[in-house]
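An overview of the molecular structure
One-letter residues, chain by chain:
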Amino acid sequence: MPKIFTPTNQIRLTNVAVVRMKKNGKRFEIACYKNKVLSWRAGAEKDLDEVLQTVAVFHNVSKGEVAKKEELAKAFGKEDVTEICKEILAKGELQVSEKERQDQLESMFKEIATTVADKCVNPETKRPYPVSIIEKSMKDIHYSIKPHRNAKQQALDVIRLLKDTIPVERAKMRLKLTLPAKEARKLKERILKLSSTVTENEEWQGELLVLTCLIDPGHFREMDEIIRIDSKGAGTLEVLNLKEIKEGEEVLE
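In what follows, the accompanying structure is described. (Residues numbered from 1 in each chain as written. Predicted model: local features only at pLDDT ≥ 70, side-chain atom pairs only at ≥ 80, totals over all residues. Heavy atoms only, no water.)

It is worth spelling out the sheet that holds strand β9 (residues 198-205) at this point. Spatially, four strands are ordered β9-β10-β8-β11 in an open sheet, and the strand pairing comes out antiparallel. Each end of this open sheet is capped by a strand with a single partner; those strands are β9 and β11 (236-241). Each neighbouring strand pair of the sheet contributes to a mean axis angle of 20°, computed without reference to strand direction. Together, β8 (173-180), β9 and β10 (208-215) form the strand contacts of helix α7 (residues 181-193), whose direction differs from that of β8 by roughly 150°. (Pairing = 2+ DSSP bridges. Helix = DSSP H or I, 4+ residues; strand = E, 2+ residues; numbered from the N terminus. Axes fitted to C-alpha atoms, helices over the stretch in contact; angles between N-to-C directions. Contact = heavy atoms within 4.5 Å.)

Once that is clear, we can look at the pattern of salt bridges. Inspection of the entire model under this criterion finds 21 salt bridges. Salt-bridge contacts for K232 lead to E183; the nearest nitrogen and oxygen are separated by 3.8 Å. Here the residue K232 occupies a position in the loop between α8 (220-230) and β11, and E183 occupies one in helix α7, the gap between them amounting to 49 residues. With a closest N to O distance of 2.8 Å, E202 and K188 form a salt bridge. Pair noted here: E202 is in strand β9 and K188 is in helix α7, with a separation of 14 residues, a long-range link. Of the residues examined, E202 reaches a relative accessible area of 38% and is grouped as partly exposed. On the accessibility criterion, K188 (24% relative accessible area) is partly exposed. Through salt bridges with shared partners, one network takes in R20, R27 and E29. (Salt bridge = Lys/Arg side-chain N within 4 Å of Asp/Glu carboxyl O. Buried < 20%, exposed > 50% of the residue type's maximum accessible area, 1.4 Å probe, protein only.)

The topology assignment puts T178 in strand β8. T178 sits in the buried class, given a relative accessible area of 13%. Beyond its immediate chain neighbours, meaning those up to four positions away, T178 contacts L208, L209, V210, G235 and T236.

Read these as spatial facts, not as claims about activity.
Structure, rendered in structure tokens:
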């Protein structure tokens, strides 16, 4: 029975996601596990062995043609195959079929809409919108998905763009702030300068001024710094509610 001969510079792989890069007029590819490339680029996956099917650089993954060491050294200026794989993984172009690309875009579209619906309310009623209304509004403004940006970043863009078509704003956080009497006036002035701050309640408890207020989540870090640093450690900040919303979903007529 004849033996099957496989050339030493050929490796056969199946069910592969290919990342491709061109250098010095030559094509270089790496073979990855599906769905792992984006996880690596997003920082969710840190184990290279979970991303690469094999630590090798190819001219053509589908044909199993492995690039020679001399070619890699000339093109990349280094011989460490692992480091070259990391460079291709970071800068190369992920090869996907048209159907896969469309599925990815649809999945990201829904993820962005879900994130917006989770973070926002109608400012007039304080009720959240169902995901279906956010999706429809995104289609109405012809929002174009950016595959290389994550859904959370794009959700913030969408919130800003949707304000021209539907009443929408970030759901506010409810905070309880305790300010020392000596610094209370100065700190209160700084707090109220944050454009989104709404004071619901204000009372003195001995030597402390206690404020209950609503703020845009985007100002939370600044508020935290005011209380933590400017009060010299004497003030406190307590999150009473991450999202101030009313029960029931908003319905657009």
